[in-house]
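What follows is the residue order along each chain.
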Amino acid sequence: MVQASNAAAEKAGEVFSYDELPYESYVYKTTHPDHLYVVGRMFGMNPPDFATARVLELGCASGGNLFPYAVRYPKSKCVGVDLSVEEINEGNRIRKEMGLKNAELMQKNIMEIGKDFGAFDYIICHGVFSWVPDEVRDRILVLCRDNLSKNGMAFISYNAYPGWHFTGAVRNIMKYHAGLFKTPQEKVMQVRALLNFLSDNMPAGNAVVKQIIDAERETFTKVNDTYIYHDHLSGINSPYYLHEFADMLAKHDLQYVGDTNVNTMYLKNMGEAVSRQLSKIPDIVRQEQYMDFLNNRRFRMSIVTHKDVVLNRNVDPARIMDFYLTARYRPEAKDPDITKEISFKKGDGGGHFKTTEPPASAFFMALFEAGKIPASVEDIVRRTLEKLKEKGQEEDERMVRPLVLRLGAEFAFSGLIDLHASSVGVVRAVSKKPVAYAIARQEAKDRPDRKNLTCAYHETVSTDRFVNRLLLLCDGKRDAKAMAEKMMEVVREGEVVLLDTSGLPFASSAITHDKISEMVEKSLERFARAGLLVA
């Protein structure tokens, strides 16, 4: 994240230094050019090639979101800027250790960036826009206008109304309480305790207020201290309605393309009655504004481009032929029969859907079984035909292909299928001498106790000290047996302490070579499934 300057922060009433408590730098899948490219193509744009693009990230912290992209696309040119000296120094250390030649981090104020900084095909501005003074917000939009290439795309996230009307009230309560304490750590610890106190002691008549407090308390169980400190206790926090954001874009010769999560734009996800009513509105911004009212939306991730770029939101299902697909659902039964009704559970836990027709069931199962490695439409058509043939359900490819296109597009907009610009360079199975994803190995080396690592899918995977140490051994020089021997040595020397399901250390008698070998084998298999192995 970026602040305009310490002086600007002081003008807002309080200085929140990113050097005092550095912002933990993570990957954000929906910010990255390969994903933005997909959304742009779906809406009729002709975005720049994501694999060779010039990419700028504003508020890059130590490069946790930018470096994985640079590693995956070595022909790209990635530049990150941040005001924090500590963040940039840390990021440059990592960059040098990894030998990243196509990435560059600069300690720089956004206000200092002008046309002479160069043109970029993709600009990423995540977690900045709502947390800086007005003049910096204006500069961000000027930068998007002046430094974005002809068909380039920018990602800008911000807190949104109407949801932040409620969250803002809680923020004011937390800021009042945090003002009684000095260090960032004290402030965060105290506001966590405050939310617990308020929720546990709220009078019965204040059910609505308690619901808002509980929602924030639940959010805080899923985030780290730096998020709470910088996002909720910062001196500046300016939410916007979507229509206000669109008006700001128009003043800078920019336009709103859509949300980085396209399923949030899909009217049919709102139900038949809402869809029928809102479909009468020809303006996409107005449509989505009413959807925000209904959903009480509190955060937005908007894609922006130049005002003269022609968009086409009448999506042709055939457009998904250009992409790769992965499923965000799973069958509820093991090995279901495609000739019978199959119930699928949505990946986000948001319900179920059923299929009764064999061709549709075969398609959904074929995509699910393809796993996390994105599969081409051609591959899924082939797998679907094979599944139908296995059950004696012969189908003509000319009939199956339109079905795959229609269901693929419909479920992509429903949020049950992810579209990808390319496949991912990972392995499906454990090789004889595995090689770990470079970013994950660097993270495990830097912080052995880290609880998550970045995988090649541009997501994080939950880990522990044993897993992190094992990942360092995946250097292409050792087989599973050699890794098990080394991990046995590591455990015996106390570098890694094994815990049972209750969180207590294993008795030394229970730590056998067979036990360690089993743990190594299972961990390696998980690495392959999770996108942590590239060879």
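You'll find the structure just up there.
All figures in this text were calculated on a predicted structure; none of them were measured in a lab.

Analysis parameters
- Residues numbered from 1 in each chain as written.
- Predicted model: local features only at pLDDT ≥ 70, side-chain atom pairs only at ≥ 80, totals over all residues.
- Heavy atoms only, no water.
- Salt bridge = Lys/Arg side-chain N within 4 Å of Asp/Glu carboxyl O.
- Helix = DSSP H or I, 4+ residues; strand = E, 2+ residues; numbered from the N terminus.
- Buried < 20%, exposed > 50% of the residue type's maximum accessible area, 1.4 Å probe, protein only.
- Axes fitted to C-alpha atoms, helices over the stretch in contact; angles between N-to-C directions.
- Parallel < 35°, antiparallel > 145°, perpendicular 65-115°, else oblique.
- Left-handed = near helix turned anticlockwise from the far one by under 90°.
- Contact = heavy atoms within 4.5 Å.
- Nonpolar A, V, L, I, M, F, W, Y, C, P; charged D, E, K, R; others polar.
- Pairing = 2+ DSSP bridges.
- Core = buried A, V, L, I, M, F, W, Y, C linked by side-chain atoms within 4.5 Å.

Enquirer: Whenever I open this one, the pattern of salt bridges confuses me. Can you help?
Expert: A side chain of one charge can pair with a side chain of the opposite charge when the charged atoms of the two come close. In the structure shown here, the tally under the stated rule is 40 salt bridges. The partner of Asp259 in a salt bridge is Arg300, with the nearest N and O atoms 3.3 Å apart. Of this pair, Asp259 sits in strand E6 (residues 254-259) while Arg300 sits in strand E7 (residues 299-306), and the two are 41 residues apart along the sequence. Residue Asp259 is classed as buried on the basis of its relative accessible area of 0%. Measuring nitrogen to oxygen at the nearest pair gives 3.0 Å for the salt bridge that ties Arg300 to Glu288. On the criterion of sequence distance, the pair formed by Arg300 in strand E7 and Glu288 in helix H12 (residues 284-295) is long-range, its members being 12 residues apart.

Enquirer: Would you take a moment to explain the packing of helix H13 (residues 358-369) against helix H15 (residues 397-413) for this structure?
Expert: For any two helices packed against each other, the geometry is given by the interaxial angle and the distance between the axes. Running from N to C, H13 and H15 cross one another at 60°; their axes reach a closest spacing of 11 Å. As the angle between them shows, H13 and H15 are arranged oblique. For the crossing formed where H13 meets H15, the hand is right-handed. On the side of H13, the interface is formed by Pro359, Ala360, Phe363 and Phe364, while H15 contributes Leu403, Val404, Leu407, Gly408 and Phe411. Classifying every residue of the contact of H13 with H15 by side-chain character gives 8 nonpolar, 1 polar and no charged.

Enquirer: Any chance you could explain the sheet that holds strand E2 (residues 77-82) here in plain terms?
Expert: Pairing between the strands of a sheet comes from backbone hydrogen bonds, and it takes one of two forms, parallel or antiparallel. Here 7 strands make up an open sheet; going across it, the order is E3-E2-E1-E4-E5-E7-E6 and the pairing mixed. Edge positions in the sheet fall to strand E3 (103-107) and E6, since each of these pairs with one other strand and no more. Strand-to-strand twist of the sheet, defined as the mean angle between neighbouring strand axes without regard to direction, takes the value 20°. Of the strand pairs in this sheet, strand E5 (residues 148-159) and E7 are connected by 6 bridges, and their pairing is antiparallel. Counted as the bridge partner of Ala154 is Val304 from E7. Strands E5, E6 and E7 of the sheet are contacted by helix H10 (residues 242-251), whose axis makes an angle of about 145° with E6.

Enquirer: Would you take a moment to explain the sheet that holds strand E8 (residues 324-327) for this structure?
Expert: Here 3 strands make up an open sheet; going across it, the order is E12-E8-E13 and the pairing antiparallel. Looking at strand neighbours, the two that pair on one side only are strand E12 (375-376) and strand E13 (417-420), the edges of this open sheet. Pairing of E8 with E12, which is carried by 2 bridges, proceeds in the antiparallel orientation. Its bridge partner lying in E12, Tyr324 is registered against Ser376. Sheet strands touched by H13: E8 and E13. Its angle to E8, the strand with the most contacts, is close to 95°.

Enquirer: Hey, could you run me through the nonpolar core in this one?
Expert: The nonpolar side chains of a soluble globular protein tend to be buried, and buried together. Counting residues in hydrophobic clusters, the biggest one holds 136 residues, and the most contacted among them are Leu58, Ile140 and Ile156. Ranked by residue count, the leading element in this core is H15, at 9 residues. Once residues lying within four places of it in the same chain are set aside, the contact partners of Ile140 are Leu58, Ile110, Cys125, Val128, Phe129, Val132 and Ile156. Counting 14 residues, the second largest nonpolar core, distinct from the first, contains Met174, Leu194, Leu195 and Met202.

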